[in-house]
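Chain residues, written in single-letter form:
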Amino acid sequence: QTNNKSECEIIKNKLKGMGLTDSTIKTYLSILNQFFKHLGKATNITEKEIRDYLDYLIIVKNYNPRSRNLHMKVIRFYCREFLNFEPNLKKAKESGCALLSIGFDSINQTSLDDSRKSFHRITQYKEAIKKMHDQGILVGGCFIFGFDKDDESVFQRTLEFAINAKIDFASFHILTPYPSTPIYNRIKAQDRMIFKEGDWSRFDTRHVVFRPNNMTI
């Protein structure tokens, strides 16, 4: 497990700052605690230890590709944000990773910053995609429309980016402010919600549930 509660809180707060849901945060912390418990430490982690752990998941735990990819994603997050290095993508490919689904979210850096996702750097998107392609890993890109800085041009610009960056497939979603999140509280305070509280049937990223700033509905 993590060395102490304060360390766990630091990771938790970082994940909250990324705008992740409580359920996702719980999953991340569970995976990291399993990783730390296996290694017996949470610092001074080497790439070899990560490779050995991925082998352990495959050979001993017999994890399916989806579970392995999720563990790799979480470990990469921890190494990048707290240890200042990224695990080798080559080993991810060797461990069975065929595809990574990446939440790029927006091609507008201001929108990402406003959403407390400043760790996403648009200037690094294409380089990251190329690195994954170089290892034979397909890239799925997930994008969200409806940020306050978005206008009608965002659709074409995002499509052009996805094509130029050679993303293998893309999914597009409508910004959905889920209850108890900062964006929900802000939009509700601005009286921009369309549906009454309690009518959650349309909160599925496929329906518009609030009035955008710079687009009509």
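Look up: the structure comes first, before these words.
Residues numbered from 1 in each chain as written. Predicted model: local features only at pLDDT ≥ 70, side-chain atom pairs only at ≥ 80, totals over all residues. Heavy atoms only, no water.

A. Broad picture of the overall build of the protein. When helices and strands are tallied, the protein shows 9 helices and 3 strands. Beginning at the N terminus, the succession of helices and strands in the protein can be written as α-α-α-α-α-β-α-α-β-α-β-α. Computed over C-alpha atoms, the radius of gyration of the protein comes to 19 Å, within 12% of the 17 Å expected from 2.2 N^0.38 for 217 residues, which places it in the range of a compact globule. If one aligns the C-alpha atoms of the protein with their principal axes, the spans along those axes are about 50 × 40 × 30 Å. Of all intrachain contacts in the protein linking residues separated by at least 6 positions in sequence, the fraction that spans at least 24 positions is 62%. Total accessible area on the protein is roughly 12400 Å²; 50% of this is exposed by carbon and sulfur atoms. Side chains of the protein carry 34 positive and 25 negative charges; the gap between the two charge centres is 4 Å. (Helix = DSSP H or I, 4+ residues; strand = E, 2+ residues; numbered from the N terminus. Rg over C-alpha atoms; globule rule 2.2 N^0.38 Å. Contact = heavy atoms within 4.5 Å. Areas by Shrake-Rupley, 256 points an atom, 1.4 Å probe, with all protein chains shown as cover. Lys, Arg positive; Asp, Glu negative; His and termini not counted. Charge placed at Lys NZ, Arg CZ, Asp CG, Glu CD.)

B. Local environment of the packing of helix α3 (residues 47-59) against helix α4 (residues 65-83). Following both chains from N to C, one finds α3 and α4 inclined at 160°, their axes separated by 11 Å at the closest point. Here α3 lies roughly antiparallel to α4, going by the angle between them. For the pair α3 and α4, the crossing hand works out as right-handed. Between α3 and α4, the residues in contact are Ile50, Tyr53, Leu54, Leu57 and Ile58 and Arg68, His71, Met72, Ile75 and Cys79, respectively. For the contact of α3 with α4, the per-class residue count stands at 8 nonpolar, 1 polar and 1 charged. (Axes fitted to C-alpha atoms, helices over the stretch in contact; angles between N-to-C directions. Parallel < 35°, antiparallel > 145°, perpendicular 65-115°, else oblique. Left-handed = near helix turned anticlockwise from the far one by under 90°. Nonpolar A, V, L, I, M, F, W, Y, C, P; charged D, E, K, R; others polar.)

C. Region of interest: the packing of aromatic side chains. Scanning the entire structure with this criterion turns up 16 aromatic pairs. Arranged with centres 5.7 Å apart and planes meeting at 5°, the rings of Phe145 and Phe172 form a pair that is stacked. In this pair, Phe145 is assigned in strand β2 (residues 138-145) and Phe172 in strand β3 (residues 169-174), connecting sequence segments 27 residues apart. The class of Phe172 is partly exposed, set by a relative accessible area of 39%. (Phe/Tyr/Trp six-rings, centres within 6.5 Å; stacked < 30°, edge-to-face > 60°. Buried < 20%, exposed > 50% of the residue type's maximum accessible area, 1.4 Å probe, protein only.)

D. Examining the environment of Leu20 more closely. Residue position: Leu20 is located in the loop between α1 (5-17) and α2 (22-39). A residue is classified by how much of its surface remains accessible, and Leu20, at 24% relative accessible area, is partly exposed. It is 14 Å that separates the C-alpha atoms of Leu20 and Phe104, two residues lying 84 residues apart in sequence. Sequence-distant contacts of Leu20, defined by excluding residues within four places in its chain, comprise Leu15, Ile25 and Tyr28.

E. The arrangement of the sheet that holds β3 in detail. Read across the sheet, 3 strands follow the order β1-β2-β3 without closing on themselves; strand pairing throughout is parallel. Two strands in the sheet have a free side with no partner beyond their single neighbour: β1 (99-105) and β3. Direction aside, neighbouring strands of the sheet carry axes that sit 20° apart on average. Where β1 and β2 come together, 6 bridges link them in parallel fashion. Among the inter-strand pairings, Leu100 is bridged to a residue of β2, identified as Val139. Helix-sheet contacts for helix α8 (residues 154-164) involve β2 and β3, and the interaxial angle to β2 is about 170°. (Pairing = 2+ DSSP bridges.)

F. Local environment of the nonpolar core. Among the nonpolar cores identified, the biggest contains 42 residues, and Ile11, Leu15, Phe36, Phe77, Tyr78 and Ile167 are the most heavily contacted of them. The leading source of residues in this core is α2, at 7 residues. (Core = buried A, V, L, I, M, F, W, Y, C linked by side-chain atoms within 4.5 Å.)

G. Seen up close, the state of the cysteines. Within the structure shown, the criterion is met by 0 disulfides. Among the cysteines around Cys79, which has no disulfide bond, Cys97 carries the closest sulfur, lying 15 Å off. You can call Cys79 buried: its relative accessible area is 0%. Free of any disulfide, Cys142 has its nearest cysteine sulfur in Cys97, 14 Å distant. (Disulfide = S-S within 2.5 Å.)

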